[in-house]
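Next come the chains, spelled out residue by residue.
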Amino acid sequence: MTAQETAPVSAGRGEPLVVLSGVQKHFGQLHALKDIELTVKRGEVVVVIGPSGSGKSTLCRTINRLETIDEGSITLDGQPLPQEGKALAALRAEVGMVFQSFNLFAHKTILENVTLGPIKVRGVGKAEAEKKARELLDRVGVGHQAEKYPAQLSGGQQQRVAIARALAMEPKVMLFDEPTSALDPEMIKEVLDVMVDLAEQGMTMVVVTHEMGFARTAAHRVVFMADGAIVEENTPEEFFTHPSSDRAKDFLGKILKH
């Protein structure tokens, strides 16, 4: 059974986990996010697509307050996002984030990269943290690389370590901001395969990506953005076969020809 065939059931099952309401964001004169209304349910995979500069990454980064907002509200599991301090650190422990660049600590081994958060932030014991880290590294296919340093791994392997590191915090939701855009084509699939596996296991995910194949197969819902606004959202099947807005038709026409 494909993700799409199961999507309506799993998408309807979860209660709201991430809710953005009336969100506005400016960078000087640029109105980067315009009155964003978005609800992500528990266990739902939402893929955000759109042209460059449409506000996709900014939207993603507001959910763990890497970007502040000017107006509106964002709640995680019913709680408003904290402003700063310990409460904000605790929030970020609940929200896993995987970026374009892998952001691994170069001077620490792969194993140390994955255990650092659980030990420092969650207060997990070293032995327990290492056991969990090795399980996660096995799960993303790089368990045999645990003692190496990031520079000794390929880009695809480093990105899979970054995913394991985020999962080690046992987050409620995972944010992916164009996680494959810095990778060579042959490495993209190995990272997307891990993400598909996560989606199938029920992880709540918000994914900003240019990978339309992933959007078609793993998403419960596709959100299309342009000029800082959500233009339309629908199931992958409906969005890719019957886009309702001219902007989406134009965008798909350009990218699906190649």
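First, a word on scope: everything that follows refers to the structure included in this document. (Residues numbered from 1 in each chain as written. Predicted model: local features only at pLDDT ≥ 70, side-chain atom pairs only at ≥ 80, totals over all residues. Heavy atoms only, no water.)

1. Brief notes about the overall build of the protein
Within the protein, the regular secondary structure consists of 10 helices and 10 strands. Taking 2.2 N^0.38 as the reference for a compact globule, 258 residues should give roughly 18 Å; the C-alpha atoms of the protein span a radius of gyration of 18 Å, in line with that estimate. If one aligns the C-alpha atoms of the protein with their principal axes, the spans along those axes are about 55 × 40 × 35 Å. Here the protein holds 258 residues, and 51% of them are scored as buried. Long-range contacts, defined as pairs at least 24 residues apart, comprise 69% of the intrachain contacts of the protein with a sequence gap of at least 6. When the accessible area of the protein is evaluated, it comes to approximately 12,100 Å², of which 51% is carbon and sulfur surface. Charge separation in the protein, taken as the distance between the mean sites of 29 positive and 34 negative side-chain charges, equals 4 Å. (Helix = DSSP H or I, 4+ residues; strand = E, 2+ residues; numbered from the N terminus. Rg over C-alpha atoms; globule rule 2.2 N^0.38 Å. Buried < 20%, exposed > 50% of the residue type's maximum accessible area, 1.4 Å probe, protein only. Contact = heavy atoms within 4.5 Å. Areas by Shrake-Rupley, 256 points an atom, 1.4 Å probe, with all protein chains shown as cover. Lys, Arg positive; Asp, Glu negative; His and termini not counted. Charge placed at Lys NZ, Arg CZ, Asp CG, Glu CD.)

2. Focus: the nonpolar core
Counting 50 residues, the largest nonpolar core has Ile49, Leu137, Ile163, Met174, Phe176, Met195 and Met205 as its most contacted members. Counting residues per element, this core draws most heavily on helix H7 (residues 185-200), at eight residues. Each residue touching Ile49, except ones within four places of it in the same chain, is listed here: Lys56, Thr209, Met212, Val222, Val223, Phe224, Met225, Phe239, Phe240 and Phe251. Ile74, Leu88, Leu91 and Val173 belong to the second largest nonpolar core, which has 27 residues in total. (Core = buried A, V, L, I, M, F, W, Y, C linked by side-chain atoms within 4.5 Å.)

3. Details of the packing of helix H4 (residues 110-120) against helix H6 (residues 155-167)
Axis separation between H4 and H6 bottoms out at 8 Å; the angle between their running directions is 25°. Taken together, the axes of H4 and H6 lie roughly parallel to each other. The interaxial crossing formed by H4 with H6 has right-handed handedness. Here Ile110, Asn113 and Val114 of H4 come into contact with H6, specifically with Val161, Ala164 and Arg165. Grouping the constituent residues of the contact of H4 with H6 by class yields four nonpolar, one polar and one charged. (Axes fitted to C-alpha atoms, helices over the stretch in contact; angles between N-to-C directions. Parallel < 35°, antiparallel > 145°, perpendicular 65-115°, else oblique. Left-handed = near helix turned anticlockwise from the far one by under 90°. Nonpolar A, V, L, I, M, F, W, Y, C, P; charged D, E, K, R; others polar.)

4. Points about the sheet that holds strand E10 (residues 229-234)
As summarised here, the arrangement of the six strands in space is E6-E7-E8-E3-E9-E10, forming an open sheet in which the pairing is mixed. Looking along the sheet, the strands with just one partner apiece sit at the ends: strand E6 (95-98) and E10. Strand-to-strand, the axes of this sheet are offset by a mean angle of 20°, without reference to chain direction. Two strands pair when backbone bridges link them, and strand E7 (residues 173-177) and strand E8 (residues 205-208) are joined in this way by four bridges, in the parallel orientation. Bridge pairing in E8 places Met174 opposite Met205. Each of E6 and E7 is contacted by helix H3 (residues 85-94), which is oriented at about 70° to E6, the strand it contacts most. Packed on one face of the sheet, H6 meets E6 and E7 and runs near 170° to E6. (Pairing = 2+ DSSP bridges.)

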